[in-house]
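Chain by chain, the residues run as shown.
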Amino acid sequence: MEAVNLLSSNKYTEKQIGYLFISVLVNSNSDLIRLINNAIKNDLSSRNPTFMNLALHCIANVGSREMAEAFAAEVPRILVAGDTMDSVKQSAALCLLRLNRTSPDLVPMGEWTARVVHLLNDQHLGVVTAATSLITTLAQKNPDDFKTSVSLAVARLSRIVTSASTDLQDYTYYFVAAPWLSVKLLRLLQCYPPPEDAAIRGRLTECLETILNKAQEPPKSKKVQHSNAKNAVLFEAISLIIHHDSEPTLLVRACNQLGQFLQHRETNLRYLALESMCMLASSEFSHEAVKTHIETVINALKTERDVSVRQRAVDLLYAMCDRSNAKQIVAEMLSYLETADYSIREEIVLKVAILAEKYAVDYTWYVDTILNLIRIAGDYVSEEVWYRVIQIVINRDDVQGYAAKTVFEALQAPACHENLVKVGGYILGEFGNLIAGDPRSSPLVQFNLLHSKFHLCSVPTRALLLSAYIKFINLFPEVKGTIQEVLRSDSQQRNADVELQQRAVEYLRLSCIASTDILATVLEEMPPFPERESSILAKLKRKKGPGTVPDIEESRKERSANVNGGTNHTSATSNAKTSPASFVGDLLAPAPPPTNRPRPVSSASFLHTPLTPLPPHAAPLAASAGTFYQVAASSTDLLGLGSASTSLSSTPPAAPPAASSLLVDVFSENSPAAAAPIAVPATAAPVADDNFPRFVCKNNGVLYENQLLQIGLKSEYRQNLGRMYVFYGNKTSTQFLNFCTSVVCQDGLASQLNVHLKPADPTVDGGAQLQQIVNIECVSDFMEAPVLNIQFKYGGTLQNIAVKLPITLNKFFQPTEMTSQDFFQRWKQLSAPQQEVQKIFKAKHSMDTEVTKAKIIGFGVALLDGVDPNPSNFVGAGVIHTKTTQVGCLLRLEPNTQAQMYRLTLRTSRDTVSQRLCDLLSDQF
C-alpha cells in the first residue's frame, strides 16, 4: 500500500521507487491492481514526460493481460499524438511492442497503424529505432497494413548509409553510422517482396551496393566493436539480397564477400558466412559463384576445430551439390564421416544417401555408395536409408544383378554391420538367381554366407533372413533340403521368440506341401514400388525442422517466372510384373496370432480385396501359409484380381489407404463427384505428353515433373468404369496457393468420356503431397485423351501446367480366355475388310519375349498360349466395355527377330476401335 501511495507523489525519486516496487513485487492478481491502474492513468494523462515514461515502463515491465486490457487502447494514442515528446514516443513504441507480444489479441488495429508508419521519418533516431522494432513485429502478422513502410524504410536507410560517421554523431558506434537502426530497417524490408516501384527499387539497390562497398574498405578502427557493427549491417544486407533473389549482380557480389570470410580468423564470421552461403546456393543466380568455393569448404570440413562450423560446412556442401560435383562431394562427406562427431553423423548419413540417390547417373555408383555408407557408419544408417536402396534396386532392372553381386562380396567380410545383412538378405532373396551361374556365388554358397551371419543378428533381422531362405527354395530347388534342415532344427521350431518360431513352422510346412506352381505364385518377385517422395528426405526435413533443408537443384530454379517448359521428367517405374489370377487356398489350419501382431487376412480375401503397394518393410502376417505375407500387388492388380508377392522384412506394415468400394456407383446422383462439375477453361499452357506412351501398358508411375511439381498416378479400371488417383507433390519448401485443377475434354470427347474430378485442397504445403480422385466412365469408343490443367500461385507468380491424362481405350479391356477352336472361329467371323487393321513396323526396343508378354498383358487382353501354330507368335483376346456397347477384340503379333520387325493384326467389330488399338499397341514395341 505504501508503494501505491508513492505513485501519487510529485517527487521523481519517490514515484520511481513506487513503480520499481510494483514492477518487481506486485502480483497481477493483487487487490491493489485497480489502484495501481488509476495511478498509471493519471501519470499518462499528465503532460510531464518523466512521469509518463515511468508509467509506460511499468506497463511494459509487468506486461500482464490485465495491463493490456487497461492500456492497449491508450498507449497507441500517446504514440501517434503530435505533441508527445520524443522520449515518450520511444517508451510508448516499446511498451506497445511488449503488449503485442504478450497479448496480441488485445492490441487494437485502428487508424493509428497508418500514422505509426510515418514515425520512420521522425527526426529523432531513437524514435525511429523503437518504431522500426514495433512495425517489423506488426508487419509480420499483418503485412498489408504496413506496406507503405517500405518506401519510408528505404529512404531512411539510404540517408544512413550515405552519411558520414560525423553526420550522426549521437548514433555512430565505432565509426559505423546507426548500426542498430540499419539492421532493424533491413529486417523490416525482409517482410516484403522487392519494391515494385522502379525508383524505390533502384534506391534500395544503391543502398545495398554501398553497404557491400563499405565492407571492402580498410577498417577505420582495429577494435572488435567496429568490425562487429560493420559486419552486422553487412550480413543483414546479404540476408535481404537473398530474400529478394532478384538482382544477379548483388547475389554474386554477396557470395564473393562471404567467400572472403570463409578463411577469416574469427570463428563466428566463418560460421555466419557458411550459413549465408547455404541460402545463396539455392539461388539460380549465385549457385555457380558458390560452387567456386568448394575447395575452401572441404578444407574447412577437414581442419575446422569448432563442430558447429563443421556442421555448417556439411550443410553448404549439401546445398551446393549438383550433377557436376556430386561424386566429389559425396566422397568428401564419406571421408569426413569416419572421423565426424557423433552428434552429426546421422544427419551426414541422411544427406549422403539423398545426394547419392538424387544425382546417380550410374546406379552402380549409388549401390556402392550406400554399402560404403553402411560399412563406415552402420549404427547411424536409419531404416529409411536401407529401405530406400531396396526400393531403388527393385524398381531398376539394370542394377539388380550388380547389386546382388556387390552385397554378396560385401557380406564376405568377417565383420558385417547388421544393416548390411538386412540389405544382403533382401537383395539375394529377390535377385540371387542373377549371380548363381558363377560357381563362386552358387546357391549353396549364397545360403551358407547368409546363414553364417544368422546367429549374430537381432530378432527382426533373423526374421528377414528366414524369409530370404524360403525365397531361396523357390529360386534354387537344389538347396531345398539344406534349408529345410535349418527350418526343422530345434533352434527354429522351438525358438523362444514367437515371430521366429511361427515363420520357421509355416515356411517349413509351405515348402513341404506346396507344388512348384504354388511356390512360384506365393514367392513371386516383388513388384516395383510406386514413385513417391524419398522417405530419407522426409526424415531429414523432420530432423532439421520445416523450411531448413534446401531443395538442392530444384530450389535454384523455383523462382523463375515460367517453369512449364522444363523437360526434366523422371522416368516412371518399369512395368509391373503380372501374376496369375488364381491363388492358393489355406494350406495349413489357422493358428491363433500373437496378441502383439496384426491379425492375418485370409488367403481367399486376396482375390476380393484391393491391394496397394507397401514399402519394403511390409511384414508377413503368418497365421497360415496362405497369408504368409500381406504385400504389394502389381500395378495391373489394383482390383485384387491377381496374387500377391512376398516381402522380406519383419517390421509391421503401414496401414494401406482405404480402397474399398472403389468403383461402386461412382456416377450416381449421390456421388460426391457428381455434385462437382468440372470447369472447362481454355488450355493456357502447352500440353505435356512426353510420358503418355509409358502408361498405355501400365497404370501407375510419374506422369509429369518439373522444378516445382511432380504429378504421379495410380489407376484402376473395371468394365467401363475407372478411377484414377492423382498425386501432386510440392517439391519446393514454399506453399502453393490458389491450387486448382480442371479436366478438358476437347472436340467430341466430352460425349464419349465422362470425367469427374473431385475438388482439391486450394493450398499445398512445401514438401507435401496432395491426392485428388478422378472418376471415369467410358460412354463410347474414343480416340483422343483428356487434358488435366493445373493452376497455382508460387512466389507471387501464376503457374499454368497442362498434362495429357493417360486415359486410353485399352484401359476398358476385359481379358477373355478362349480355346484355340473358339479363337479361330471368331477370327473368321471378323473377316470384313473394315474390321481388320494390320501394321508392319520396325522394332524400337529389344525383342525380348518376356517383355513382349508383359506389355500385351498390360495392354489389357488375355494372352492365349498354345493357340497360334507358330509358338513365337503372340495371340490375345479381350472385350472393350463402354456404356453403350461392347466390342470384342482379337490380336495377333508376329515378331521377326532376324529382320527386327513386327506384324500386328487386330480384328474388332468396329473399324475405329481396330485402328485406335493398333496405333496404341504398335508404339510400345
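Since we're looking at a predicted model, the values are computed, not measured. Counting restarts for each chain: residues are numbered from 1 in the order of the written sequence. In keeping with the predicted nature of the model, local features appear solely for residues at pLDDT of at least 70, side-chain atom pairs appear and are counted solely at 80 or more, and the whole-chain, interface and lining totals rest on all residues. By convention in this description, side-chain values take in all heavy atoms of the structure and omit both hydrogens and water.

(A) A look at the environment of Asp-765. Helix and strand definitions follow DSSP, with helices as H or I runs of at least four residues and strands as E runs of at least two, each counted in order from the N terminus. Topologically, Asp-765 is positioned in the loop between β8 (753-757) and β9 (769-778). The sequence separation of Asp-765 and Thr-734 amounts to 31 residues, and the corresponding C-alpha distance is 6.7 Å. Beyond its immediate chain neighbours, meaning those up to four positions away, Asp-765 contacts Asn-730 and Gln-735. Residue contacts are defined here by distance: any two heavy atoms, one from each residue, within 4.5 Å place the two residues in contact.

(B) The arrangement of the environment of Gln-446 in detail. On the secondary structure map, Gln-446 appears in helix α25 (residues 443-452). In sequence terms Gln-446 and Phe-408 are 38 residues apart; their C-alpha atoms lie 7.4 Å from each other. With residues near it in sequence (within four places) discarded, Gln-446 still touches Phe-408, Leu-428, Gly-432, Ile-435, Ala-436, Ser-441, Phe-472 and Phe-476.

(C) Examining the pattern of salt bridges more closely. Whenever a carboxyl oxygen of Asp or Glu lies within 4 Å of a side-chain nitrogen of Lys or Arg, that contact is scored as a salt bridge. For the coordinates displayed, the defined rule picks out 28 salt bridges. Of the charged contacts in the structure, one is a salt bridge between Asp-341 and Arg-310, with a shortest N-O distance of 2.4 Å. Residue Asp-341 is located in the loop between α19 (326-337) and α20 (342-358), and its partner Arg-310 is located in helix α18 (residues 307-320); the two are separated by 31 residues in the primary sequence. Linked by salt bridges that have partners in common, Arg-312, Asp-315, Glu-347 and Lys-351 make up one network.

(D) Focus on a nonpolar patch on the surface. Within this analysis, patches are made of residues with over 30% relative accessible area and no salt bridge. Like charges are joined at 9 Å or less; nonpolar side chains (Val, Leu, Ile, Met, Phe, Trp, Tyr) at 5 Å or less. For the area figures, the Shrake-Rupley method with a 1.4 Å probe applies, and any residue is considered shielded solely by the protein chains shown. Together, Leu-20, Phe-21, Val-24 and Leu-25 make up an exposed nonpolar region whose accessible area comes to about 430 Å². Tracing the chain through its elements places Val-24 in helix α2 (residues 12-25). Residue classification places Val-24 among the exposed residues on the basis of a relative accessible area of 61%. Only protein chains enter the calculation, and the probe is 1.4 Å; a residue is then buried if its accessible area is under 20% of its type maximum, exposed if over 50%, and partly exposed in between.

(E) Just the packing of helix α7 (residues 86-102) against helix α9 (residues 125-141), in detail. Helix axes are fitted only over the stretch in contact, all axes being lines through C-alpha atoms; the angle between N-to-C directions runs from 0 to 180 degrees. Relative orientation of the contacting elements α7 and α9 amounts to 25 degrees, with a least axis distance of 8 Å. One element, α7, and the other, α9, form an angle in the roughly parallel class. Seen from above, α7 lies across α9 with left-handed handedness. Contacts between α7 and α9 involve Asp-86, Lys-89, Gln-90, Ala-93, Leu-94, Leu-96, Leu-97, Asn-100 and Arg-101 on the former and, on the latter, Gly-126, Val-127, Ala-130, Ala-131, Ser-133, Leu-134, Thr-137, Leu-138 and Lys-141. Throughout this entry, Asp, Glu, Lys and Arg are counted as charged residues, while Ala, Val, Leu, Ile, Met, Phe, Trp, Tyr, Cys and Pro are counted as nonpolar. The remaining residues, Gly among them, count as polar. A per-class count over the contact of α7 with α9 returns nine nonpolar, five polar and four charged. Should an angle lie under 35 degrees it is considered roughly parallel, over 145 roughly antiparallel, and from 65 to 115 roughly perpendicular; all remaining angles are considered oblique. Throughout, a crossing is termed right-handed when the near helix is turned clockwise from the far one, and left-handed when it is turned anticlockwise from it by less than a right angle.

(F) Expanded view of the packing of helix α26 (residues 459-475) against helix α29 (residues 498-513). Where α26 contacts α29, the two axes come as close as 10 Å, and the packing angle between them is 5 degrees. When the interaxial angle is binned, α26 and α29 end up roughly parallel. Where α26 abuts α29, its residues Val-459, Arg-462, Ala-463, Leu-464, Leu-466, Ser-467, Ile-470 and Ile-473 lie against Glu-499, Leu-500, Arg-503, Ala-504, Tyr-507, Leu-510 and Ser-511. Within the contact of α26 with α29, the residues separate by chemical class into 10 nonpolar, two polar and three charged.

(G) Representation of the sheet that holds strand β3 (residues 687-688). Pairing is mixed in the open sheet, where four strands are placed in the order β3-β11-β10-β7. Since the sheet does not close on itself, it has two edges, and those belong to β3 and β7 (737-744), each with one partner. The rule for pairing is simple: two strands pair if DSSP sees at least two bridges between them. Bridge analysis of β7 against strand β10 (residues 787-794) gives six bridges, and the strand direction is antiparallel. Within the sheet, the bridge partner assigned to Val-744 lies in β10 and is Val-787.

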